[in-house]
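One letter stands for each residue in the lines below.
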Amino acid sequence: MDALPDHMRPERSFQGFILALQRFWAEQGCVILQPYDMEMGAGTFHPATTLRALGPKRWNAAYVQPSRRPKDGRYGENPNRLQHYYQFQVIMKPSPPNLQDLYLKSLAAIGIDSSVHDIRFVEDDWESPTLGAWGLGWECWCDGMEVSQFTYFQQVAGVECAPVAGELTYGLERLAMYVQGVDRVYDLNFNGRDGADKVTYGDVFLQAEQEYSRHNFEHSDSDMLFKQFVMAEEACKKYLDAGWRDGQREAHLMALPAYDQCIKASHVFNLLDARGVISVTERQSYIMRVRELAKACGEAWVHTEAGGAA
Amino acid sequence: MPDLLLELFSEEIPARMQAKAADDLRRLVTDKLVAEGLVYEGAKAFATPRRLALTVHGIPARQPDLKTERKGPKIGAPDAAVQGFLKATGLKSLDEATIQKDPKGDFYVALIEKSGRDAIDVLAEILPVIVRTFPWPKSMRWGERSARSGALTWVRPLHSIIATFGPETEEPDVVKFSIDGIEAGQTTFGHRFMAPAAISVRRFEDYEAKLKAAKVVLDPQARKDIILEDAKELAFAQSFELVEDQVLADEVAGLVEWPVALMGSFEAEYLSIPDEVIRATIRNNQKCFVVRDPKTGKLTNKFILTANIEATDGGKTIIGGNERVIRARLSDAKFFYETDLKTKLEARLPKFEQIVFHEKLGTQAARIKRIERLAAEIAPLVGADVGKATRAAHLAKADLLTEVVGEFPELQGLMGKYYALAQGEDGSVAAASEEHYKPQGPADRVPTDPVSVAVALADKIDTLVGFWAIDEKPTGSKDPYALRRAALGVIRLIVENTLRLPILHVAKSAIDGLRETGTKQALIDSDKLPADLLAFFADRLKVQLREQGARHDLVDAVFSLGGQDDLLLVVRRVEALGKFLDTDDGKNLLAGTKRASNILSIEEKKDKRTFDGAPDAGLYKVPEEKALATAIDQVKREAAAAVQKEDFATAMSAMAKLRPAVDAFFDKVKVNDDEPKVRENRLKLLNEIRAATRAVADFSKIEG
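Residues numbered from 1 in each chain as written. Chains lettered and ligands numbered in written order. Predicted model: local features only at pLDDT ≥ 70, side-chain atom pairs only at ≥ 80, totals over all residues.

Scanning chain B for helices and strands turns up 25 helices and 18 strands. On C-alpha atoms alone, chain B measures out to a radius of gyration of 36 Å, which is more than a quarter above the 27 Å that the 2.2 N^0.38 rule sets for 704 residues. Here the C-alpha coordinates of chain B stretch approximately 100 × 100 × 50 Å along the principal axes. A total of 704 residues make up chain B; the buried ones form 42% of that total. Considering only contacts within chain B whose residues lie at least 6 apart along the sequence, 67% involve residues at least 24 apart. (Helix = DSSP H or I, 4+ residues; strand = E, 2+ residues; numbered from the N terminus. Rg over C-alpha atoms; globule rule 2.2 N^0.38 Å. Buried ≥ 20, exposed ≤ 12 C-beta atoms within 10 Å, placed from the backbone. Contact = placed C-beta atoms within 7 Å.)

Attention shifts here to the overall build of chain A. On a plain count of helices and strands, chain A comes out with eight helices and eight strands. Since a compact globule built from 310 residues should have a radius of gyration of about 19 Å, the 20 Å found for chain A is in line with a globular shape. Counting every position in chain A, which comprises 310 residues, the buried fraction comes to 48%. Within chain A, counting contacts between residues at least 6 apart in sequence, those at least 24 apart form 65% of the total.

Counting residues in each nonpolar core, the largest one holds 276 residues, and the members touching the most others are Cys297(A), Ile304(B), Ala454(B), Val455(B) and Leu577(B). It is helix α15 (residues 450–469) of chain B that provides the largest number of residues to this core, a total of 13 residues. Once residues within four sequence positions are removed from consideration, Val455(B) is found in contact with Ile371(B), Ala375(B), Ala389(B), Ala392(B), Ala393(B), Ala396(B), Ala432(B) and His436(B). (Core = buried A, V, L, I, M, F, W, Y, C linked by C-beta atoms within 7 Å.)

This next bit is on the sheet that holds strand β13 (residues 241–242) of chain B. All names here are of chain B. Strands sit in the order β13-β15-β16-β14 across an open sheet of four strands; the sheet is antiparallel. Two strands close off the open sheet at either side, each with one partner strand: β13 and β14 (260–265). Helix-sheet contacts for helix α5 (residues 220–237) involve β13, β14, β15 (289–292) and β16 (299–307), and the interaxial angle to β14 is about 35°. (Pairing = 2+ DSSP bridges. Axes fitted to C-alpha atoms, helices over the stretch in contact; angles between N-to-C directions.)

Okay, the interface of chain B and chain A next. Listed as interface residues are 29 residues of chain B and, on the opposing side, 28 residues of chain A. Elements that contribute at least two residues to the side of chain B that touches chain A include exactly β16 and α8 (316–341) of chain B. Take the side of chain B that touches chain A: its biggest share by element is six residues, from α8(B). Its residues placed into classes, the side of chain B that touches chain A shows 14 nonpolar, eight polar and seven charged. (Nonpolar A, V, L, I, M, F, W, Y, C, P; charged D, E, K, R; others polar.)

Now for the sheet that holds strand β4 (residues 66–74) of chain B. Residues and elements named next belong to chain B. Here three strands make up an open sheet; going across it, the order is β4-β6-β5 and the pairing antiparallel. Of all the strands in the sheet, just β4 and β5 (98–100) have a single pairing partner and so form its edges. Taking each pair of neighbouring strands and ignoring which way they run, the sheet shows an average axis angle of 35°. Strand direction decides the pairing type here: β5 and strand β6 (residues 107–114), joined by three bridges, are antiparallel. Following the sheet pairing, glutamine 100 is matched in β6 by phenylalanine 107.

A few words on the domain arrangement of chain A. It is common to give the size of an interface as the accessible area lost on bringing the parts into contact. Residues and elements named next belong to chain A. Domain boundaries assigned for chain A yield domain 1 (6–215) and domain 2 (221–301). On the domain 2 side, the residues contacting the 19 residues of domain 1 number 20 residues. Each residue belonging to the side of domain 1 that touches domain 2 can be placed in one class, and the counts come to 12 nonpolar, four polar and three charged. (Domains from an automatic or database assignment.)

All names here are of chain B. Buried residues dominate strand β3 (residues 51–57), accounting for six of its seven residues. As paired strands, strand β2 (residues 42–48) and β3 are joined by seven bridges and run antiparallel to one another. Residue pairing in the sheet places phenylalanine 46 in a bridge with alanine 53 of β3. Two successive antiparallel strands, β2 and β3, enclose a turn made up of two residues.

So, about the environment of Gln238(B). Relative to the helices and strands, Gln238(B) is located in the loop between α5 and β13. In this structure the C-alpha to C-alpha distance between Gln238(B) and Leu218(B), which are 20 residues apart in sequence, comes to 31 Å.

All names here are of chain B. Look at helix α21 (residues 584–607): 34 Å from first C-alpha to last across 24 residues, which is about the 34 Å you get at 1.5 Å a residue. Within α21, the full set of buried residues consists of Leu589, Leu590, Gly592, Thr593, Ala596 and Leu600. Packed against the buried residues of α21 are α20 (567–582), α23 (648–656), α24 (658–668) and α25 (676–693). Downstream of α21 by a residue or two, lysine 608 has a phi angle that is positive, lying close to 50°. (Expected span 1.5 Å × (residues − 1).)

As structure tokens, this is what we get:
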């Protein structure tokens, strides 16, 4: 790490911080993926987690995933809340026996030294109603701040995980703010440079936060979104039906494209929810509809080659 | 005798599960030992975030030998029966069996001697079963083996097991077993950060000491004591005072193996937020203690956190980090509080029209209307101003829609009070926001301000009547709407404030309210409902009196008089009755009345008729009859007059006068006279005794 130029050090730059995590997990044998090219609420939605967590095959991956939470937008006025932020996601299947140690070493790699920081594993049972998934694990605390989620997946998309995968999710902005010692996310040093060369998180994202907040809360086209939800839902089902080889429920050939539509439906639902056009009772039924899609995709996936059918 | 040391070392166990898990481990192991004939001397279990540990001392080294007799077939039984007998008992031939004489035919008996096994072998058999079937509230699979069926499940991944067994003076043996690839041994690990190396242990004393040297305090109580003592000292050093919080201390003790208390501070400007909000913020979210200034009783801008390490920088970084988080949290709380203050409570009410209270009971808005109506009706009965009670009921639920209560539901009511005061409401009206939820349980305070009392009663009675009307009564252990608590609340509000409240009448009015607010539900048995509900109150009252050590049969004796819907009077009657029955007069009168009742019920059955009606004075043959009739007349009059004045003690003393006459009657008079008319007259007289005592209670319901 000493060989790193200053502007790449994790405690100086946001990008250096991300690169340090990627390098660490690459060292552990993970494939380093790039973000999935669709809007999603969390890194867990990435097929590299949701689908790859299913089936018997080994799978170790790490990636950054931009996460969209339309409801969390604050027009750029809140120091921590964002409608678009980054998650760093690690998935290891089967969960290795030393996963907790690996996690602590990864913190050391981004400048969090466990001899001066108080790191804790605090109970947190994770559940995603839209994904039909649950697991047990912890929120990881550093000096009283929640910095990661640590979950042993027990079930995903309605399918039992066998073997169990371990999932780590780091809230990148929050961690980087702590490491850099800034109180406002927009003040994060993005590129690690000083003076005129310095680019902050605000330079990159502030305008986007303002624009998307306006869009998400005031202007998004609900009529179109309602239609999009139905279209994505129907397409997902259609692709799932068409994907069974020779119409037999033995092998599936289109789980991934179908799952894309499930991701789409989920994000559209989040947009509608942020717009306040879904009532409390309807809300539950939309979540159920997305879950049904996720479950059907999981069922299809375990009949594909990567899902372990062959 | 040998001792057992067992440790199950895992990844972090949720704090809230640790105490029960330790207890379960001790119970399961010791129960099994006893069932195996291994009676031990003592056992103690411990839990830390990463381990469950158990020591059982004084276990016999071997099970006792067991001798059992087993009855076999008759002499000369068919060969198949004999062979089956030999096989089942392990005898080589019938020569090894004895013969027992029996009049119905002699038969074979096998004497089986089973020699006891070594305790360590028994342990090796029972411990894996206990681990595999451990009652965690939720358990999980992990790792490579989770793909196989029958994989071990545990609360979080289990890493190692210590199981040693042996006498104090010798090197103990390892209890040999393995579960899903984890071999029991004698190795554990110290503190995750400060002493992570493997440690080899022999027995409990050296286990506990070595752990301590490796920065692990095994005993949760010891960790809790350290936390509280250090926290108090830190506060005291600055002339402040720790706000003690046992529940929080227990939780924090379950989050650390090596507690280190540290003090941090936050900006004094946040002290403008109500203390309760600051405390909820710091406690619920950050698991930290708050500190007060003993001079003012108010919180100071300090907090105390418990770290799990002795940091090499003395805790500077840890304090700094926690301060950042707490600052951000308090900043949110302050924003919520100030935002809330900008909206008047009544301006929030329209939103309740969108919020369903219960699918069959309409919206929250409808419910608030009903409570208002009922509170106005109850107000004059409890000495409250009708206007204030109505206003209080109008606003009492409004804080449910505030930001602070959304964040901290446990502050409901309290925030309503603050916001009501801030918008200039009357003090009693504001207080009712908080107090109308009370009493929450048997230990909670009962409000005394009449406005609070009126709203509290209206709230609870509306709830009870509503759920009764849609047939959602509590059954067995199921009481999802806490209706038992609500009924007990009504009882305590009435009795402790000595209120006169005609429950049946108020319940009927609540039903009208339910109809007016347009619930579309067909109300179930609305005619029977008030009486039904009254019976529920009677049950609750019995439970409560029983818990206070009073006799619950007396409650039945009073309620079975009928028409008793004034709970305060019921309680007073029960009290007076209880005192009376403690006296000799009371006991004898009870005995006499019961005797009269018993004779009557036998004769009534025999004659298939009752003996109602006044006895004929002309048929009295002996002075004792006349004396009893006179006494009954007098007692009836006096008791009735006293009951009229609600003076139950005097009514009871009047009853006491009946006793000598009753005693003398039974002494001297034969009820079943040969002359039928005289017999009938005497039975009528007995019936009069029963009738007279009913002025205060139905004596037949009293036990003993």
